[in-house]
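Take a look at the letters that make up each chain.
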Amino acid sequence: MSEKKNHAVRMELILTGAVVTAMLFLALLAFHHFSWRAAMQENGPLLNGLTLARADIYKGALLVEEAAPAGSAETLKNAFTNFTDAKRHLRLSVKSVDSPDGAEVHDPAIKRRLAELDGKIEELSGAALGWWAVRGSADEKGASLKFAELLNSAQNDAAGLESALYELTRVELEWKNQQFGLVVGIWFITLVVGLGILYRIIRRQALAEDALLKSESRLSRAQKMARLGAWELDLGSGVYSVSEETLDIFGLGAGNGPLTREIMMARVHPDDKEAVEKARAQAEQNRSISMEYKIVRPDGSTGVVYEYGELEAARPGQAARLIGAVQDVTYLRQAEDLLLLATNVFANAIEGVLVTDPRGVIEFANPAATEITGYSQEELVGKTPRILKSDRHDNQFYKELWGALLKDGAWQGEIWNRRKNREAYPEKLTITAIKDMNGRITKFVSVFHDISQIKKSEEKIEYQAYHDALTALPNKVLFSDRLTQSIGYAHRTEKKLAVLFFGLDRLKNINETLGHNKGDILLQRAAQRLLNIVREGDTLARFGGDEFALIQEDIQTEQDAVKMILKILRAVSEPFDLEGHELYITTSAGGAIYPADGSDSPTLIKNAEIAMRRAKDSGRNTYQLYTSSMNVKSFEKLSLEADLRKAIERGGFLVHYQPKVSLATGEITGMEALARWNHPMRGLIPPAEFIPLAEETGLIAPIGEWVMETACEQNRRWREAGYKDLTIAVNLSAVQFRKKDLNRTIETILSRAGLEPAYLNIELTESVVMGEVDSAISILRKLKDMGVKISIDDFGTGYSSLSYLKKFPIDYLKIDRSFIKDVINDPDDAAIVSAIIHMAKRLELQVVAEGVETEEQLEFVRRNGCEEVQGYLYSPPKTAMELTRILAAGGLLRPTKLGAV
């Protein structure tokens with residue numbers, strides 16, 4: 001507070017001196033201004049009169065020069081007026097009785113020159129009159145020259161007189177400026193002397209004050225650094241007097257009124273209020289106070305303070321006082337807590353921690369370090385980390401480690417160390433240099449953890465990335481990598497190698513019948529058999545599903561590859577015993593030879609797979625070696641698939657209808673809808689070519705739905721035309737039959753087409769419904785509940801069980817055309833057809849014979865009780881328009897060898 005007051009006094013003295021100095025300077029400026037103005041005013045009228053006189057002389061001369069040659073009396077008169085005005089202005093500029101405001105002329109030379117100028121103006125008027133009088137005569141030239149001489153003389157006298165007056169005024173002003181400079185110099189000397197005296201007064205006061213302030217500042221800085229504040233409590237009034245540091249410690253602002261007991265106690269933490277109140281009450285009873293407690297600042301932050309105070313006895317006229325000090329020990333306690341926390345972290349961390357001196361001698365090891373290394377604390381302290389050194393790194397490694405540590409202050413990486421039992425282990429290690437305030441290294445701290453399990457996990461993950469989880473064989477990624485290496489070796493040594501690709505036949509049937517678990521066991525057993533027959537060094541891999549591949553290195557001819565394929569076929573064909581189930585499977589294999597069939601890994605694998613696909617298409621349980629024609633056929637197949645997709649998008653399909661005929665009446669009882677692909681280049685493609693491809697690619701579903709919707713709409717149109725008893729039959733593929741939303745799809749199609757369910761007949765092949773019997777029965781019952789009729793198509797070609805057949809909610813059995821074809825010549829086919837017809841009768845099912853093309857076949861099925869037939873004997877598949885004409889003609893068909901109406 002005293003520092004602020006002293007500073008204010010000094011500032012008042014300085015401001016007072018500055019104000020006085022400014023006022024003196026302004027007075028001098030005013031004096032100089034008015035003196036200069038008086039000097040200018042003294043000769044001002046005379047100068048003004050001279051200026052006006054010169055102007056009038058010039059104007060008059062111009063008028064004379066104009067009037068004399070022209071003889072204008074009026075112009076001459078005006079010229080005389082200007083000369084008269086010039087004399088008047090000249091006389092008025094000098095102070096006289098007639099002109100009291102004129103200048104006071106004291107200089108005789110000026111007076112003389114003014115009189116001469118007045119006379120010359122008079123002479124100039126006479127010369128002008130003389131010139132005008134002799135105009136046009138021989139004397140005019142002389143008169144004009146005389147006028148010009150007088151004019152020039154008068155103007156020069158006026159100009160000279162004006163210059164003399166200006167010079168006189170300048171001299172007077174210089175004298176007054178000299179007077180002003182003298183006064184300013186005296187003022188400046190007085191100012192400097194006065195300021196010097198003022199400075200000495202202020203300086204002496206400031207030195208004394210600075211000495212006091214320095215002492216107070218040292219004390220204040222010491223208190224701030226120590227976070228130490230002073231306080232006094234007047235026990236009579238209960239008011240505290242405190243230092244600034246005390247206010248800062250408690251978060252109290254200055255100038256908020258007296259600090260009472262209540263205000264100070266409000267800052268004490270609730271947990272410590274009772275203890276503080278008790279201690280202060282004891283201190284007021286002639287005891288000291290010494291305690292540590294928590295406080296709460298206005299911003300909500302908490303702190304810890306240490307307070308000490310003593311009781312000062314009352315003096316005469318004064319109450320007793322408690323005098324003491326308070327210190328903020330928050331940071332000290334936090335540091336202690338952090339130190340305790342760090343100690344507990346070191347002791348309980350799962351990472352090992354070693355602390356060494358600058359020379360690398362171990363000073364401390366936490367329990368995790370002893371557990372990881374196997375050494376006790378006593379065995380490690382006093383040693384260097386070399387005690388843990390393994391033989392996995394050379395000296396250059398450790399040299400680079402210490403070089404980086406000394407240069408950067410830290411090193412981090414993986415390192416192999418050795419336990420006490422001599423077991424080497426990998427660890428993740430971080431070494432940090434601890435430096436003092438001067439940048440000198442005082443300690444090294446090593447933090448490490450054993451990553452043995454992480455390494456094992458990484459190895460396991462890497463193994464899983466390159467191996468099949470089910471069979472533990474290499475997968476296609478590792479196979480491709482090894483094949484690339486084998487190709488490189490074969491290229492260098494100019495040898496051949498074979499890539500064999502093979503797949504287990506009908507594994508899907510086993511999965512669907514016995515479950516995927518049994519299928520997985522079968523794959524594992526098959527993989528083990530294959531491993532037992534391949535050569536050491538060859539790579540056998542599983543590509544996924546039921547497909548395997550083999551790299552056969554260092555072969556001489558294609559026959560070496562064929563021999564291996566035959567061994568594989570024989571090995572797989574042996575029966576498998578799966579928990580009481582004896583299963584037989586076969587395999588189809590394909591092979592590609594390097595370098596004839598490809599010079600890189602992808603090409604060889606692709607060509608071997610193409611050969612395997614050809615083997616499967618050839619009847620399975622066989623093999624094919626790759627030929628270039630296979631690639632062509634494969635390309636044709638891909639091209640056909642692309643065209644098939646376009647046909648679906650662009651409406652490239654037609655529906656033809658083959659009628660079913662009643663043998664009793666010859667009437668058409670229904671139609672079977674058959675898809676035809678109208679290819680833009682190849683024309684109509686029969687179903688036998690594109691249906692298997694559609695089923696393989698999954699495109700059969702959208703094609704089948706389109707056929708069903710088109711057929712239903714056509715049947716609705718026939719019914720609207722009056723042909724009400726017709727049913728429309730649509731074939732469902734296995735893909736469509738297994739769709740979860742089959743019922744909803746059929747309901748939607750019937751709704752859009754406007755056809756009742758009873759007039760739709762769903763045809764399913766025997767193999768489709770026998771795949772998963774229980775599921776098939778459930779699906780068929782839902783269809784039956786909708787009111788749809790159901791037929792089993794191609795009956796007799798599959799593996800139907802009669803016990804299941806009677807459970808199927810079906811309406812028709814359709815005898816496959818393969819039996820009808822040889823029913824006359826083959827007794828077995830005749831027996832089968834006869835049995836199917838009689839069995840269907842017993843099961844109360846209707847029978848339809850497909851593929852009837854001759855009178856003999858027709859007579860046979862009629863004789864055995866068949867009710868309806870389909871075949872070229874009555875009609876081939878026709879367009880809707882062609883059949884509409886037949887229906888319009890009565891809807892009757894009769895047998896004909898040409899299959900025409």
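Residues numbered from 1 in each chain as written. Predicted model: local features only at pLDDT ≥ 70, side-chain atom pairs only at ≥ 80, totals over all residues. Heavy atoms only, no water.

Y657, I746 and L760 are the most contacted members of the largest nonpolar core, which totals 81 residues. In this view, I746 contacts M708, L760, I762, L783, M786 and V788; residues no more than four positions away in its chain are not counted. If you look at the next biggest cluster of nonpolar residues, it comprises 31 residues, including L507, I565, L583 and I585. (Core = buried A, V, L, I, M, F, W, Y, C linked by side-chain atoms within 4.5 Å. Buried < 20%, exposed > 50% of the residue type's maximum accessible area, 1.4 Å probe, protein only. Contact = heavy atoms within 4.5 Å.)

All right, on to empty space enclosed by the protein then. Regions of empty space are outlined by a rolling probe, equal in size to a water molecule, passed over the atoms. A full pass over the atoms with the stated rule returns two cavities of 30 Å³ or more. Quantified by volume, the largest cavity comes out at close to 60 Å³. Lining the largest cavity we find E705, M708, L732, Q736, K739, D741, L742, T745 and I746. Mapped by element, the contributors of at least two residues to the lining of the largest cavity are helix 20 (700-720) and helix 22 (742-753). Here the lining of the largest cavity gets three residues from one element, more than from any other, and that element is helix 22. In terms of residue class, the lining of the largest cavity is made up of four nonpolar, two polar and three charged. Here the second largest cavity defines a volume of roughly 30 Å³. Lining the second largest cavity are W231, Y240, F250, M264, R280, E307 and V326. By residue class, the composition of the lining of the second largest cavity is five nonpolar, no polar and two charged. (1 Å grid on protein atoms, 1.4 Å probe; cavity = no way out; pocket = protein on both sides within 12 Å on 5 of 7 lines; lining within 4 Å. Points joined across faces, edges and corners; volume = space filled by probe spheres on them. Helix = DSSP H or I, 4+ residues; strand = E, 2+ residues; numbered from the N terminus. Nonpolar A, V, L, I, M, F, W, Y, C, P; charged D, E, K, R; others polar.)

What follows concerns the packing of aromatic side chains. In the structure shown here, the tally under the stated rule is 10 aromatic pairs. Connected via pairs of aromatic rings, a cluster forms that spans F397, Y398 and W411. It is K660 that lies over the ring of Y812; its NZ or CZ is 4.5 Å from the centre. (Phe/Tyr/Trp six-rings, centres within 6.5 Å; stacked < 30°, edge-to-face > 60°. Lys NZ or Arg CZ within 6 Å of the ring centre and 35° of its normal.)

Mapped onto the elements of the fold, T356 is located in strand 7 (residues 352-356). Residues in contact with T356, not counting those within four places in the same chain, are V361, I362, E363, T442, K443 and F444.

The next subject is the sheet that holds strand 9 (residues 410-418). Within the open sheet, the five strands sit side by side as 8-7-11-10-9. Their pairing is antiparallel. Bordering the open sheet on either side are strand 8 (362-365) and strand 9, each of which pairs with just one other strand. Direction aside, neighbouring strands of the sheet carry axes that sit 25° apart on average. Bridge count between strand 7 and strand 11 (residues 441-450): five bridges; the pairing is antiparallel. When the sheet's bridge partners are listed, T356 is paired in strand 11 with F444. Contacting strand 9, strand 10 (424-435) and strand 11, helix 11 (residues 395-408) crosses the sheet at an angle of about 150° to strand 9. (Pairing = 2+ DSSP bridges. Axes fitted to C-alpha atoms, helices over the stretch in contact; angles between N-to-C directions.)

Taken in spatial order, the five strands of this open sheet run 13-14-12-17-18, and their pairing is mixed. Of all the strands in the sheet, just strand 13 (539-544) and strand 18 (623-625) have a single pairing partner and so form its edges. Between one strand axis and the next, the sheet turns through 20° on average, direction left out of account. As defined by bridge partners, strand 17 (residues 587-594) adjoins strand 18 across three bridges and the pair is classed as parallel. The residue bridging A589 from the neighbouring strand is Y623, located in strand 18. With respect to the sheet, helix 15 (residues 516-533) is in contact with strand 12 (496-504), strand 13 and strand 14 (547-555), its orientation differing from that of strand 13 by roughly 160°.

In terms of residue burial, strand 7 counts as a mostly covered element, since five of its five residues are buried. Of the two faces of strand 7, the one lined by G352, L354 and T356 and the one lined by V353 and V355 are each fully buried.

Turning our attention to the pattern of salt bridges. All chains considered together, the criterion is met by 30 salt bridges. With its nearest N and O atoms 2.8 Å apart, the salt bridge here joins D450 to R419. A residue pair is termed long-range when its members are at least 10 positions apart, and D450 in strand 11 and R419 in the loop between strand 9 and strand 10 qualify at 31 residues. The class of D450 is partly exposed, set by a relative accessible area of 28%. E709 is the partner of R752 in a salt bridge, and the nearest nitrogen-oxygen pair spans 3.0 Å. Linking R752 in helix 22 with E709 in helix 20, this pair joins segments that are 43 residues apart in sequence. The structure contains a network of salt bridges with shared partners spanning E672, E763, K814 and E850. (Salt bridge = Lys/Arg side-chain N within 4 Å of Asp/Glu carboxyl O.)

Turning to unusual backbone geometry, a few remarks are in order. Following Y594, the chain continues into P595 via a peptide bond in cis, with omega recorded as 5°. Within the secondary structure, P595 sits in the loop between strand 17 and helix 17 (601-617). The residue A472 is not glycine, and still its phi comes out positive at about 65°. With respect to the secondary-structure elements, A472 resides in the loop between helix 12 (452-466) and helix 13 (476-493). Given a relative accessible area of 41%, A472 falls into the partly exposed group. Not every positive phi belongs to a glycine, and D554 is a case in point at roughly 55°.

What follows covers a nonpolar patch on the surface. Together, F188, I189, V192, V193, I197 and I201 give the surface a local cluster of nonpolar side chains, amounting to about 580 Å² of exposed area. Positionally, F188 belongs in helix 4 (residues 140-226). A residue is classified by how much of its surface remains accessible, and F188, at 49% relative accessible area, is partly exposed. (Patch = residues over 30% accessible without salt bridge, like charges linked within 9 Å, V, L, I, M, F, W, Y side chains within 5 Å. Areas by Shrake-Rupley, 256 points an atom, 1.4 Å probe, with all protein chains shown as cover.)

Regular strands show a simple pattern: their side chains alternate between the two faces of the sheet. Where strand 9 and strand 10 come together, nine bridges link them in antiparallel fashion. The residue bridging W416 from the neighbouring strand is P426, located in strand 10. The turn linking strand 9 back onto strand 10 is made up of five residues, and R422 within it adopts a positive phi angle of 75°. Bridge count between strand 10 and strand 11: nine bridges; the pairing is antiparallel. Among the inter-strand pairings, E427 is bridged to a residue of strand 11, identified as D450. Taking the residues between adjacent antiparallel strands as the criterion, strand 10 and strand 11 are bridged by five residues, where G439 takes a positive phi near 85°.

Confidence along the protein chain averages 81 in pLDDT terms, with 79% of residues attaining 70 or more. Per-element confidence in the protein chain is highest for strand 27 (residues 868-869), whose mean pLDDT is 94, and lowest for helix 25 (residues 802-805), whose mean pLDDT is 63. (pLDDT = per-residue confidence, 0-100.)

Attention now goes to the packing of helix 22 against helix 24 (residues 773-786). Remark: helix 22 packs on helix 24, axes separated minimally by 10 Å, with the N-to-C direction vectors making an angle of 25°. It follows from the interaxial angle that helix 22 and helix 24 lie roughly parallel. Between helix 22 and helix 24 lies a crossing whose hand is right-handed. Seen from helix 22, the contacting residues are L742, N743, I746, E747 and L750; seen from helix 24, they are I779, K782, L783 and M786. Residue composition of the contact of helix 22 with helix 24, by class: six nonpolar, one polar and two charged. (Parallel < 35°, antiparallel > 145°, perpendicular 65-115°, else oblique. Left-handed = near helix turned anticlockwise from the far one by under 90°.)

Next up on the list: the packing of helix 13 against helix 17. Geometry of a packed helix pair, given as the angle between the helix axes and the separation of the axes. Across the interface, helix 13 lies against helix 17 with an axial gap of 9 Å and an inter-helix angle of 110°. Relative to helix 17, helix 13 is oriented roughly perpendicular. The hand of the helix 13/helix 17 crossing is right-handed. Contact residues: helix 13 offers F479, S480, L483, T484 and I487, while helix 17 offers S601, L604 and I605. Of the residues in the contact of helix 13 with helix 17, the class split is five nonpolar, three polar and no charged.

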